[in-house]
Amino acid sequence: MRDVLAKLDEWWEKGETAALATVVGTYSSAPRQAGASMLVGPAGEAVGSVSGGCVEGAVYELGEQVLAGGRPVLQRYGVSDDDAFAVGLTCGGIIDIFVEKVTPESFAQLGAVAEAVRDEKPVAVATVVSGPAERLGKRLVVWPDRTDGGTGSARLDDALRDDARGLLDAGRNAMLTYGVDGQRRGEGLSVFVESFAPPPRMIVFGAIDFAAAVAKIGNFLGFRVTVCDARPVFATASRFPGANEVVVEWPHRYLAAEAEAGRIDRRTALCVLTHDPKFDVPLLEVALRLPEVAYIGAMGSRRTHEDRLERLRERGITEEEIARMSSPIGLDLGARTPEETAVSIAAEMIAKHWGGGGEPLGRREGPIHING
(Lines give C-alpha, C1' and ligand atoms only; values in the text may rest on other atoms or scores of the structure.)
Protein backbone atom coordinates (compact mmCIF):
# COMPACT_ATOMS: atom_id res chain seq x y z
CA MET A 1 0.00 0.00 0.00
CA ARG A 2 2.98 2.32 0.48
CA ASP A 3 3.17 3.19 -3.23
CA VAL A 4 -0.48 4.30 -3.43
CA LEU A 5 -0.93 5.55 0.13
CA ALA A 6 -0.69 9.26 -0.65
CA LYS A 7 -3.48 9.07 -3.25
CA LEU A 8 -5.63 6.83 -1.05
CA ASP A 9 -5.21 9.21 1.87
CA GLU A 10 -6.15 12.15 -0.37
CA TRP A 11 -9.46 10.52 -1.30
CA TRP A 12 -10.02 9.38 2.30
CA GLU A 13 -9.55 12.93 3.59
CA LYS A 14 -12.23 14.12 1.14
CA GLY A 15 -14.62 11.40 2.31
CA GLU A 16 -14.50 9.68 -1.09
CA THR A 17 -14.62 5.92 -1.61
CA ALA A 18 -11.95 3.84 -3.37
CA ALA A 19 -11.27 0.15 -3.90
CA LEU A 20 -7.90 -1.08 -2.64
CA ALA A 21 -6.44 -4.24 -4.20
CA THR A 22 -3.44 -5.70 -2.37
CA VAL A 23 -1.20 -8.65 -3.20
CA VAL A 24 -1.39 -10.78 -0.04
CA GLY A 25 0.25 -13.98 -1.29
CA THR A 26 2.62 -15.06 -4.05
CA TYR A 27 3.63 -18.52 -5.21
CA SER A 28 6.35 -19.68 -7.60
CA SER A 29 7.24 -16.94 -10.08
CA ALA A 30 5.40 -13.67 -9.48
CA PRO A 31 6.22 -10.15 -10.74
CA ARG A 32 5.30 -8.18 -7.58
CA GLN A 33 5.85 -8.81 -3.89
CA ALA A 34 3.19 -9.15 -1.22
CA GLY A 35 2.03 -5.65 -0.31
CA ALA A 36 1.96 -4.32 -3.87
CA SER A 37 -1.31 -2.41 -4.33
CA MET A 38 -3.62 -0.90 -6.91
CA LEU A 39 -6.48 1.55 -6.44
CA VAL A 40 -9.72 2.00 -8.32
CA GLY A 41 -10.71 5.57 -7.55
CA PRO A 42 -14.09 7.26 -7.08
CA ALA A 43 -14.06 8.51 -10.68
CA GLY A 44 -12.74 5.26 -12.13
CA GLU A 45 -9.04 6.15 -11.88
CA ALA A 46 -6.49 3.31 -11.77
CA VAL A 47 -3.45 3.95 -9.57
CA GLY A 48 -0.61 1.53 -8.88
CA SER A 49 0.04 -2.04 -10.00
CA VAL A 50 -0.36 -5.54 -8.60
CA SER A 51 1.24 -7.60 -11.34
CA GLY A 52 3.18 -5.41 -13.74
CA GLY A 53 0.31 -5.59 -16.25
CA CYS A 54 -0.61 -9.29 -16.28
CA VAL A 55 -3.94 -9.13 -14.44
CA GLU A 56 -4.50 -5.40 -13.96
CA GLY A 57 -7.59 -5.37 -16.18
CA ALA A 58 -9.28 -8.16 -14.24
CA VAL A 59 -8.38 -6.59 -10.90
CA TYR A 60 -9.76 -3.24 -12.08
CA GLU A 61 -13.08 -4.90 -12.93
CA LEU A 62 -13.11 -6.65 -9.55
CA GLY A 63 -12.42 -3.31 -7.88
CA GLU A 64 -15.44 -1.80 -9.63
CA GLN A 65 -17.59 -4.69 -8.43
CA VAL A 66 -16.40 -4.22 -4.85
CA LEU A 67 -17.13 -0.50 -5.07
CA ALA A 68 -20.65 -1.31 -6.25
CA GLY A 69 -21.37 -4.15 -3.85
CA GLY A 70 -19.16 -3.40 -0.90
CA ARG A 71 -18.17 -6.96 0.11
CA PRO A 72 -14.38 -7.64 0.25
CA VAL A 73 -13.06 -10.38 -2.07
CA LEU A 74 -9.96 -12.60 -1.96
CA GLN A 75 -9.18 -13.63 -5.54
CA ARG A 76 -6.45 -15.93 -6.86
CA TYR A 77 -4.89 -15.37 -10.29
CA GLY A 78 -2.55 -17.78 -12.05
CA VAL A 79 -1.46 -19.05 -15.44
CA SER A 80 -4.15 -20.81 -17.47
CA ASP A 81 -3.01 -23.79 -19.51
CA ASP A 82 -6.50 -24.47 -20.87
CA ASP A 83 -7.26 -21.09 -22.34
CA ALA A 84 -4.50 -18.87 -23.66
CA PHE A 85 -6.81 -15.88 -23.46
CA ALA A 86 -7.94 -16.49 -19.90
CA VAL A 87 -6.90 -14.08 -17.20
CA GLY A 88 -3.60 -15.31 -15.81
CA LEU A 89 0.04 -14.62 -15.19
CA THR A 90 2.16 -15.25 -18.25
CA CYS A 91 5.16 -15.71 -15.95
CA GLY A 92 3.56 -18.93 -14.67
CA GLY A 93 3.14 -17.74 -11.10
CA ILE A 94 0.16 -17.41 -8.78
CA ILE A 95 -0.88 -14.37 -6.75
CA ASP A 96 -3.64 -13.86 -4.21
CA ILE A 97 -5.21 -10.40 -4.24
CA PHE A 98 -7.53 -8.99 -1.58
CA VAL A 99 -9.88 -6.26 -2.80
CA GLU A 100 -11.75 -4.08 -0.33
CA LYS A 101 -13.67 -0.82 -0.28
CA VAL A 102 -11.93 1.95 1.68
CA THR A 103 -13.98 4.71 3.30
CA PRO A 104 -13.48 6.83 6.43
CA GLU A 105 -15.88 4.41 8.14
CA SER A 106 -14.27 1.15 7.01
CA PHE A 107 -10.68 2.30 7.64
CA ALA A 108 -10.90 4.93 10.36
CA GLN A 109 -7.17 4.67 11.12
CA LEU A 110 -5.96 5.40 7.57
CA GLY A 111 -5.08 9.04 8.34
CA ALA A 112 -2.96 7.98 11.32
CA VAL A 113 -1.26 5.28 9.23
CA ALA A 114 -0.46 7.77 6.45
CA GLU A 115 0.92 10.24 8.99
CA ALA A 116 3.17 7.58 10.53
CA VAL A 117 4.50 6.59 7.11
CA ARG A 118 5.18 10.24 6.20
CA ASP A 119 7.01 10.74 9.49
CA GLU A 120 8.99 7.48 8.99
CA LYS A 121 7.54 5.99 12.17
CA PRO A 122 6.83 2.24 12.30
CA VAL A 123 3.26 1.00 11.96
CA ALA A 124 1.70 -2.28 10.82
CA VAL A 125 -1.77 -2.92 9.39
CA ALA A 126 -3.26 -6.38 10.02
CA THR A 127 -6.34 -7.14 7.86
CA VAL A 128 -8.54 -10.24 7.92
CA VAL A 129 -8.58 -11.49 4.31
CA SER A 130 -10.23 -14.91 4.68
CA GLY A 131 -12.54 -16.46 7.25
CA PRO A 132 -16.10 -15.84 8.42
CA ALA A 133 -17.85 -13.31 6.16
CA GLU A 134 -18.57 -10.91 9.01
CA ARG A 135 -14.86 -10.67 9.84
CA LEU A 136 -13.53 -9.96 6.32
CA GLY A 137 -11.84 -6.57 6.04
CA LYS A 138 -11.67 -6.00 9.79
CA ARG A 139 -8.28 -4.75 10.84
CA LEU A 140 -5.98 -4.00 13.73
CA VAL A 141 -3.42 -1.20 13.36
CA VAL A 142 -0.31 -1.82 15.44
CA TRP A 143 2.31 0.68 16.57
CA PRO A 144 5.26 -0.25 18.82
CA ASP A 145 3.45 1.26 21.82
CA ARG A 146 -0.28 1.01 21.04
CA THR A 147 -3.00 -0.49 18.83
CA ASP A 148 -6.22 0.75 17.25
CA GLY A 149 -9.17 -0.99 15.64
CA GLY A 150 -9.96 -4.67 16.04
CA THR A 151 -10.81 -7.91 14.28
CA GLY A 152 -13.86 -8.85 16.32
CA SER A 153 -11.93 -11.21 18.59
CA ALA A 154 -9.96 -10.03 21.62
CA ARG A 155 -7.89 -13.21 21.54
CA LEU A 156 -6.98 -12.69 17.89
CA ASP A 157 -6.16 -9.04 18.57
CA ASP A 158 -3.77 -10.07 21.34
CA ALA A 159 -2.01 -12.58 19.07
CA LEU A 160 -1.83 -10.09 16.19
CA ARG A 161 -0.41 -7.37 18.40
CA ASP A 162 2.63 -9.52 19.25
CA ASP A 163 3.04 -11.11 15.82
CA ALA A 164 2.68 -7.81 13.95
CA ARG A 165 5.30 -6.16 16.14
CA GLY A 166 7.70 -8.96 15.35
CA LEU A 167 7.12 -8.50 11.62
CA LEU A 168 7.42 -4.74 12.01
CA ASP A 169 10.78 -5.14 13.73
CA ALA A 170 12.00 -7.22 10.79
CA GLY A 171 10.41 -4.93 8.19
CA ARG A 172 8.45 -7.84 6.69
CA ASN A 173 4.95 -8.44 5.33
CA ALA A 174 3.32 -11.83 5.92
CA MET A 175 0.12 -13.84 5.73
CA LEU A 176 -0.67 -15.33 9.15
CA THR A 177 -3.12 -18.14 9.84
CA TYR A 178 -5.14 -18.58 13.04
CA GLY A 179 -8.21 -20.32 14.32
CA VAL A 180 -11.42 -18.31 13.98
CA ASP A 181 -11.01 -17.06 17.56
CA GLY A 182 -7.27 -16.38 17.29
CA GLN A 183 -5.89 -19.81 18.18
CA ARG A 184 -2.26 -19.78 17.06
CA ARG A 185 -2.26 -23.41 15.93
CA GLY A 186 -5.72 -23.19 14.43
CA GLU A 187 -7.02 -22.75 10.92
CA GLY A 188 -9.93 -21.04 9.26
CA LEU A 189 -8.86 -17.39 9.37
CA SER A 190 -6.05 -15.61 7.50
CA VAL A 191 -4.69 -12.17 8.29
CA PHE A 192 -2.37 -10.19 6.05
CA VAL A 193 0.08 -8.03 7.98
CA GLU A 194 1.66 -5.15 6.07
CA SER A 195 4.61 -3.55 7.83
CA PHE A 196 5.44 0.09 7.25
CA ALA A 197 8.86 0.16 8.83
CA PRO A 198 11.11 3.21 8.42
CA PRO A 199 13.39 2.95 5.37
CA PRO A 200 16.44 0.74 5.87
CA ARG A 201 19.74 2.53 6.31
CA MET A 202 22.76 2.60 4.05
CA ILE A 203 25.90 4.12 5.52
CA VAL A 204 28.62 4.97 3.01
CA PHE A 205 32.04 5.52 4.54
CA GLY A 206 34.53 7.60 2.57
CA ALA A 207 33.69 10.91 0.88
CA ILE A 208 35.01 10.00 -2.56
CA ASP A 209 33.49 10.20 -6.04
CA PHE A 210 32.38 6.56 -5.87
CA ALA A 211 30.49 7.38 -2.66
CA ALA A 212 28.38 9.98 -4.45
CA ALA A 213 27.26 7.38 -7.00
CA VAL A 214 26.61 4.73 -4.31
CA ALA A 215 24.59 7.22 -2.27
CA LYS A 216 22.48 8.06 -5.31
CA ILE A 217 21.67 4.44 -6.15
CA GLY A 218 21.07 3.65 -2.48
CA ASN A 219 18.50 6.42 -2.35
CA PHE A 220 16.91 5.06 -5.53
CA LEU A 221 16.62 1.61 -3.91
CA GLY A 222 14.76 3.07 -0.93
CA PHE A 223 17.54 3.39 1.62
CA ARG A 224 18.00 6.31 3.95
CA VAL A 225 21.60 7.16 3.06
CA THR A 226 24.30 8.58 5.31
CA VAL A 227 27.78 9.50 4.06
CA CYS A 228 30.46 9.60 6.76
CA ASP A 229 34.07 10.81 6.56
CA ALA A 230 36.49 12.33 9.03
CA ARG A 231 37.64 15.03 6.58
CA PRO A 232 35.36 18.09 6.65
CA VAL A 233 36.74 19.50 3.41
CA PHE A 234 35.36 16.46 1.52
CA ALA A 235 32.32 15.55 3.64
CA THR A 236 29.94 18.28 2.48
CA ALA A 237 26.27 18.09 1.55
CA SER A 238 26.89 19.78 -1.79
CA ARG A 239 29.14 16.90 -2.90
CA PHE A 240 26.54 14.27 -2.02
CA PRO A 241 23.09 15.37 -3.19
CA GLY A 242 21.90 11.75 -3.14
CA ALA A 243 22.52 11.38 0.60
CA ASN A 244 19.98 12.16 3.29
CA GLU A 245 22.75 13.31 5.61
CA VAL A 246 26.51 13.84 5.59
CA VAL A 247 28.42 13.32 8.83
CA VAL A 248 31.92 14.51 9.70
CA GLU A 249 33.35 11.98 12.14
CA TRP A 250 35.89 9.18 12.31
CA PRO A 251 34.03 6.27 10.69
CA HIS A 252 34.64 3.69 13.42
CA ARG A 253 33.52 6.12 16.12
CA TYR A 254 30.36 7.02 14.22
CA LEU A 255 29.40 3.40 13.58
CA ALA A 256 30.06 2.40 17.19
CA ALA A 257 27.92 5.31 18.45
CA GLU A 258 25.07 4.50 16.05
CA ALA A 259 25.14 0.85 17.11
CA GLU A 260 25.15 1.82 20.79
CA ALA A 261 22.14 4.07 20.17
CA GLY A 262 20.22 1.21 18.53
CA ARG A 263 20.20 2.76 15.04
CA ILE A 264 21.91 -0.18 13.31
CA ASP A 265 19.78 -3.25 12.60
CA ARG A 266 19.48 -6.32 10.39
CA ARG A 267 18.38 -4.18 7.41
CA THR A 268 21.40 -1.83 7.51
CA ALA A 269 23.90 -1.85 4.64
CA LEU A 270 27.48 -0.70 5.30
CA CYS A 271 29.63 0.31 2.30
CA VAL A 272 33.26 0.94 3.23
CA LEU A 273 34.83 2.90 0.38
CA THR A 274 37.74 4.50 2.23
CA HIS A 275 40.34 1.85 1.17
CA ASP A 276 42.78 3.45 3.62
CA PRO A 277 43.93 1.22 6.51
CA LYS A 278 43.80 3.99 9.11
CA PHE A 279 40.09 4.39 8.37
CA ASP A 280 38.77 1.06 7.17
CA VAL A 281 40.52 -1.38 9.54
CA PRO A 282 39.16 0.16 12.79
CA LEU A 283 35.79 0.61 11.04
CA LEU A 284 35.60 -2.99 9.83
CA GLU A 285 36.63 -4.22 13.27
CA VAL A 286 33.48 -2.56 14.63
CA ALA A 287 31.29 -3.58 11.69
CA LEU A 288 32.24 -7.26 11.62
CA ARG A 289 31.50 -7.62 15.32
CA LEU A 290 27.99 -6.19 15.07
CA PRO A 291 25.40 -8.89 15.77
CA GLU A 292 23.21 -8.23 12.71
CA VAL A 293 23.53 -6.17 9.55
CA ALA A 294 22.28 -6.83 6.04
CA TYR A 295 25.51 -6.15 4.17
CA ILE A 296 29.13 -5.22 4.77
CA GLY A 297 31.18 -4.40 1.68
CA ALA A 298 34.69 -2.99 1.47
CA MET A 299 36.33 -1.41 -1.58
CA GLY A 300 39.93 -2.00 -2.60
CA SER A 301 42.31 -3.81 -4.90
CA ARG A 302 43.36 -7.42 -4.39
CA ARG A 303 46.52 -6.20 -2.66
CA THR A 304 44.50 -3.85 -0.43
CA HIS A 305 42.14 -6.71 0.36
CA GLU A 306 44.94 -9.06 1.43
CA ASP A 307 46.59 -6.36 3.54
CA ARG A 308 43.24 -5.55 5.13
CA LEU A 309 42.62 -9.20 6.03
CA GLU A 310 46.03 -9.51 7.66
CA ARG A 311 45.45 -6.38 9.74
CA LEU A 312 41.98 -7.55 10.80
CA ARG A 313 43.31 -10.94 11.87
CA GLU A 314 45.97 -9.19 13.93
CA ARG A 315 43.14 -7.41 15.75
CA GLY A 316 41.47 -10.70 16.59
CA ILE A 317 38.78 -10.79 13.91
CA THR A 318 37.86 -14.45 13.32
CA GLU A 319 37.50 -16.19 9.96
CA GLU A 320 33.77 -16.52 10.60
CA GLU A 321 33.51 -12.75 11.10
CA ILE A 322 35.64 -12.06 8.03
CA ALA A 323 33.31 -14.25 5.95
CA ARG A 324 30.52 -11.71 6.57
CA MET A 325 32.43 -9.12 4.51
CA SER A 326 32.12 -8.71 0.74
CA SER A 327 35.59 -7.67 -0.37
CA PRO A 328 36.48 -6.49 -2.92
CA ILE A 329 33.00 -4.96 -2.96
CA GLY A 330 30.47 -5.59 -5.72
CA LEU A 331 29.73 -8.12 -8.46
CA ASP A 332 31.99 -8.58 -11.47
CA LEU A 333 30.20 -6.47 -14.08
CA GLY A 334 33.36 -5.08 -15.64
CA ALA A 335 32.55 -1.72 -14.04
CA ARG A 336 34.92 1.21 -14.53
CA THR A 337 33.13 4.46 -13.71
CA PRO A 338 31.76 5.42 -10.27
CA GLU A 339 28.23 4.97 -11.60
CA GLU A 340 28.97 1.51 -13.01
CA THR A 341 30.68 0.55 -9.76
CA ALA A 342 27.64 1.70 -7.81
CA VAL A 343 25.47 -0.59 -9.95
CA SER A 344 27.79 -3.54 -9.22
CA ILE A 345 27.58 -2.83 -5.47
CA ALA A 346 23.80 -2.53 -5.60
CA ALA A 347 23.61 -5.76 -7.61
CA GLU A 348 25.60 -7.62 -4.97
CA MET A 349 23.39 -6.26 -2.19
CA ILE A 350 20.24 -7.35 -4.05
CA ALA A 351 21.68 -10.80 -4.78
CA LYS A 352 22.64 -11.25 -1.13
CA HIS A 353 19.22 -10.14 0.08
CA TRP A 354 17.24 -12.43 -2.23
CA GLY A 355 19.72 -15.27 -2.59
CA GLY A 356 20.49 -14.61 -6.25
CA GLY A 357 23.56 -16.13 -7.89
CA GLY A 358 24.49 -13.13 -10.00
CA GLU A 359 24.73 -15.05 -13.27
CA PRO A 360 22.85 -14.03 -16.47
CA LEU A 361 19.18 -15.06 -16.33
CA GLY A 362 19.49 -16.49 -19.83
CA ARG A 363 21.81 -19.20 -18.48
CA ARG A 364 19.39 -20.26 -15.76
CA GLU A 365 16.36 -22.49 -15.81
CA GLY A 366 13.23 -22.24 -13.71
CA PRO A 367 11.34 -19.22 -12.37
CA ILE A 368 12.87 -15.75 -12.66
CA HIS A 369 11.00 -14.30 -9.67
CA ILE A 370 11.12 -16.60 -6.64
CA ASN A 371 8.39 -15.69 -4.15
CA GLY A 372 7.62 -18.04 -1.30
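In case you missed it, the structure is sitting above this.
Residues numbered from 1 in each chain as written. Predicted model: local features only at pLDDT ≥ 70, side-chain atom pairs only at ≥ 80, totals over all residues. Heavy atoms only, no water.

Asker: Explain the overall build of the protein chain here, please?
Answerer: Per the secondary structure count, the protein chain includes ten helices and 16 strands. Principal axes of the C-alpha set define a box for the protein chain whose edges measure 65 × 50 × 45 Å. Per-residue burial over the protein chain gives 46% buried out of 372 residues. Expressed as a percentage of contacts within the protein chain between residues at least 6 apart in sequence, the contacts between residues at least 24 apart total 59%. For the protein chain, the exposed surface amounts to about 18,100 Å²; the carbon and sulfur share of it is 49%. (Helix = DSSP H or I, 4+ residues; strand = E, 2+ residues; numbered from the N terminus. Buried < 20%, exposed > 50% of the residue type's maximum accessible area, 1.4 Å probe, protein only. Contact = heavy atoms within 4.5 Å. Areas by Shrake-Rupley, 256 points an atom, 1.4 Å probe, with all protein chains shown as cover.)

Asker: Can you walk me through the sheet that holds strand 13 (residues 245–248) in this structure?
Answerer: Pairing between the strands of a sheet comes from backbone hydrogen bonds, and it takes one of two forms, parallel or antiparallel. In space, the six strands of this open sheet follow the order 13-12-11-14-15-16, with parallel pairing throughout. Both outer strands of the open sheet, strand 13 and strand 16 (325–326), are each paired with one neighbouring strand and no more. Bridging between strand 15 (residues 295–298) and strand 16 involves two bridges; their strand directions are parallel. In the sheet register, I296 faces strand 16, and the bridge partner there is M325. (Pairing = 2+ DSSP bridges.)

Asker: Explain the pattern of salt bridges to me, please; I cannot follow it from the model alone.
Answerer: Close approach of charged atoms allows side chains with opposite charge to pair. The tally for this structure, following the rule as stated, stands at 22 salt bridges. One salt bridge connects R231 with D229, and the closest N-O pair in it is separated by 2.9 Å. Among the residues examined, D229 registers a relative accessible area of 3% and is labelled buried. (Salt bridge = Lys/Arg side-chain N within 4 Å of Asp/Glu carboxyl O.)

Asker: Quick question: what am I supposed to make of a nonpolar patch on the surface here?
Answerer: Residues F220, L221, I350 and W354 make up a contiguous nonpolar surface patch of roughly 480 Å² in combined accessible area. Along the chain, I350 turns up in helix 10 (residues 338–354). (Patch = residues over 30% accessible without salt bridge, like charges linked within 9 Å, V, L, I, M, F, W, Y side chains within 5 Å.)

Asker: So what exactly am I meant to see when it comes to the environment of L67 here?
Answerer: The residue L67 is located in helix 2 (residues 56–69) in this model. In this view, L67 contacts T17, A18, A19, V40, G41 and K101; residues no more than four positions away in its chain are not counted.

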